[in-house]
Amino acid sequence: KNKTTSDTLASITSKDEALLVKADDLFDSENYIAAMSIFDTLSKHYPQSVMFEYNAGICYLHASSKHALALTYLQDVKKRNADLEGIDYYLGRAYLYNYFYDDAIASFKSYKEKPARRGEIKFEVDHFIDYCNHGKTLIQNPVSVSIDNIGKPINTDNSEYVPVISSDEAFMIFTYRGERSLGGKLNTNFKPDSEGDYYEDIFISYRVGDHWLDPEPLGNINTKGHDAAIALSVDGQKLFVFKATPKDKGDIYISELKGSDWSTPIRLNKNINTNSWEGSITMSNDEKTIYFSSSRPGGYGGRDLYKSIKQSDGEWGPAQNLGPKINTAYNEDAPFIHPDNKLFYFSSEGHNSIGGYDIFKSGVNGDSLGEAVNLGFPINTSTDDK
């Protein structure tokens, strides 16, 4: 946390001081995207303040479209005050996100070698150095792919993610978070609050020719809480939904298509949902096996991937950890079993990731899964890919 008042002008206006209080609160609550524009404005109003520029640079690290700007800002901060707490850590991340691996490694090592100051909590950087070393290898042999933004009307200035698509590609269901979210901006008690957050909703879009129609909220599934689409059965009749309320950390539900309406989602049983977070799932073509992510205790670390087999009574059986070929000491998430049941895809922060979550594949052989293979650059980037 970088309190910014220490090097701010004595002559800061009362209007800007109020902005600063708001920006500091947002920054401290890790709402970097909202704090970003305020710190950038303050930095331009008071160019002599290193801390305004520093905090703006840190915020830019959290916006994938602003990584080049983050590097520009943080390089300038380093020149102006090389002794700022944490500067080598954040500058290292900016170099990593912009694929300057050797500069990133040097920054992380410099940060690691400096003794902690009084009250400073040092970040773990060995994993970032691993990302750099993996990236130096993978980026030498990029895979031949073209990645195109799906564009409007699916993508907007808000967040759209976790698309699930019918096998005939006729419709897509996805998770949305923005102005169209049910209830607008809400606080943690789901009361309207201009300082609150938009909560996740599920939307659907149909395809006509090569064009996607305007997305619409999906039936009676959305509530004022978090409702996210996470998987679709191969026949398009069963939709898995993630729901989270202030009372639980997040569970997996299922809804079925009845005619043209989706049924009220039902929570999966206690073998799947625990007091921990459960948030991603995929189901085999024959609908007898599910694979899901959970942060329950007893795994290899962080979020792990598990599977469950459908029992003779129709209930999902005990969760089985997918083991060390798939799970690592870091987080695994976003499983997807191919309909041909020969390839299993997932995301991991471990293995030979080049930054954050990378997408991996593993061959399916009977009941066992093969070694995790990184899908390569540029499918995987220096930040999260799921």
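Heads up: the structure comes first, above all this text.
Just so you know, these numbers come straight off a predicted model, no measurement behind them. (Residues numbered from 1 in each chain as written. Predicted model: local features only at pLDDT ≥ 70, side-chain atom pairs only at ≥ 80, totals over all residues. Heavy atoms only, no water.)

### Some details on the overall build of the protein
In step 1: Across its full length, the protein holds seven helices and 19 strands.
In step 2: The C-alpha radius of gyration of the protein comes to 23 Å, within 12% of the 21 Å expected for a compact globule of 386 residues.
In step 3: By principal-axis analysis of the C-alpha atoms, the protein measures approximately 70 × 45 × 45 Å.
In step 4: The buried share among the 386 residues of the protein stands at 47%. (Helix = DSSP H or I, 4+ residues; strand = E, 2+ residues; numbered from the N terminus. Rg over C-alpha atoms; globule rule 2.2 N^0.38 Å. Buried < 20%, exposed > 50% of the residue type's maximum accessible area, 1.4 Å probe, protein only.)

### Side note on the pattern of salt bridges
In step 1: What the rule picks out here adds up to 15 salt bridges.
In step 2: With a closest N to O distance of 3.3 Å, Arg-303 and Asp-333 form a salt bridge. Of this pair, Arg-303 sits in the loop between strand S12 (289-294) and strand S13 (304-309) while Asp-333 sits in strand S15 (residues 332-337); the two residues are 30 residues apart in sequence, bridging distant segments of the chain.
In step 3: Residue classification places Arg-303 among the partly exposed positions, given a relative accessible area of 22%.
In step 4: For Asp-333, a relative accessible area of 3% translates into the label buried. (Salt bridge = Lys/Arg side-chain N within 4 Å of Asp/Glu carboxyl O.)

### Some thoughts on unusual backbone geometry
In step 1: A cis amide bond links Lys-152 with the next residue in sequence, Pro-153, at an omega value of 0°.
In step 2: Inspection of the secondary structure puts Pro-153 in the loop between helix H7 (126-138) and strand S1 (159-165).
In step 3: Backbone geometry places Glu-169, a non-glycine residue, at a positive phi of 60°.

### What to know about the environment of Tyr-131
In step 1: Mapping Tyr-131 onto the fold places it in helix H7.
In step 2: Distance from Tyr-131 to Gly-356, taken between C-alpha atoms, is 8.1 Å for residues 225 residues apart in sequence.
In step 3: Non-local contacts of Tyr-131, meaning those with residues more than four positions away in its chain, are made with Leu-96, Tyr-101, Glu-349, Ser-353, Ile-354, Gly-355 and Gly-356. (Contact = heavy atoms within 4.5 Å.)

### Regarding a nonpolar patch on the surface
In step 1: Residues Val-143, Val-145 and Ile-147 make up a contiguous nonpolar surface patch of about 230 Å² in total accessible area.
In step 2: For Ile-147, the location among the structural elements is in the loop between H7 and S1.
In step 3: On the basis of relative accessibility, which here comes to 58%, the residue Ile-147 falls in the exposed class. (Patch = residues over 30% accessible without salt bridge, like charges linked within 9 Å, V, L, I, M, F, W, Y side chains within 5 Å. Areas by Shrake-Rupley, 256 points an atom, 1.4 Å probe, with all protein chains shown as cover.)

### What about the packing of helix H5 (residues 87-97) against H7?
In step 1: Running from N to C, H5 and H7 point in directions that differ by 20°, and their axes come no closer than 11 Å. One element, H5, and the other, H7, form an angle in the roughly parallel class. The handedness of the crossing between H5 and H7 comes out as left-handed. Only Phe-128, Tyr-131 and Cys-132 of H7 make contact with H5, whose side of the interface consists of Tyr-89, Arg-93 and Leu-96.
In step 2: A per-class count over the contact of H5 with H7 returns five nonpolar, no polar and one charged. (Axes fitted to C-alpha atoms, helices over the stretch in contact; angles between N-to-C directions. Parallel < 35°, antiparallel > 145°, perpendicular 65-115°, else oblique. Left-handed = near helix turned anticlockwise from the far one by under 90°. Nonpolar A, V, L, I, M, F, W, Y, C, P; charged D, E, K, R; others polar.)

### Notes on the sheet that holds strand S14 (residues 320-321)
In step 1: A sheet is described by the order of its strands in space; here four strands give the open sequence S11-S12-S13-S14, paired in antiparallel fashion. Strands at the two margins of the open sheet, each flanked by one partner only, are strand S11 (278-283) and S14.
In step 2: Judged from the six bridges that link them, S12 and S13 form a sheet pairing that is antiparallel. By the bridge assignment for S13, Phe-292 is matched with Tyr-306. (Pairing = 2+ DSSP bridges.)

### A look at the packing of helix H3 (residues 50-60) against helix H4 (residues 67-80)
In step 1: Where H3 meets H4, the closest approach of the two axes is 8 Å, and the angle between their N-to-C directions is 150°. When the axes of H3 and H4 are compared, the pair comes out roughly antiparallel. As for the relative orientation of H3 and H4, their crossing is left-handed in sense. Of the residues in H4, those in contact with Val-50, Glu-53, Tyr-54, Ala-56, Gly-57, Ile-58 and Tyr-60 of H3 are His-67, Leu-69, Ala-70, Tyr-73, Leu-74, Asp-76, Val-77 and Arg-80.
In step 2: Here the contact of H3 with H4 is built from residues that sort into 10 nonpolar, two polar and three charged.

### With respect to the packing of aromatic side chains
Remark: the centre distance and the inter-plane angle together describe each pair of aromatic rings, the angle taken between the planes.
In step 1: Applying the stated criterion to the full structure yields 24 aromatic pairs.
In step 2: With 4.8 Å between their ring centres and 55° between their planes, Tyr-176 and Phe-203 make a pair best called tilted. Residue Tyr-176 is found in strand S2 (residues 171-177), and its partner Phe-203 is found in strand S3 (residues 201-208); the two are separated by 27 residues along the sequence.
In step 3: Residue Tyr-176 is classed as buried on the basis of its relative accessible area of 5%.
In step 4: Residue Phe-203 is classed as buried on the basis of its relative accessible area, which comes to 1%.
In step 5: Put simply, the rings of Tyr-54, Tyr-89, Tyr-90, Phe-108, Tyr-111, Phe-123, Phe-128 and Tyr-131 pair up and form one aromatic cluster.
In step 6: Positioned over the ring face of Tyr-111 is Lys-122, at 3.9 Å from the centre of the ring. (Phe/Tyr/Trp six-rings, centres within 6.5 Å; stacked < 30°, edge-to-face > 60°. Lys NZ or Arg CZ within 6 Å of the ring centre and 35° of its normal.)

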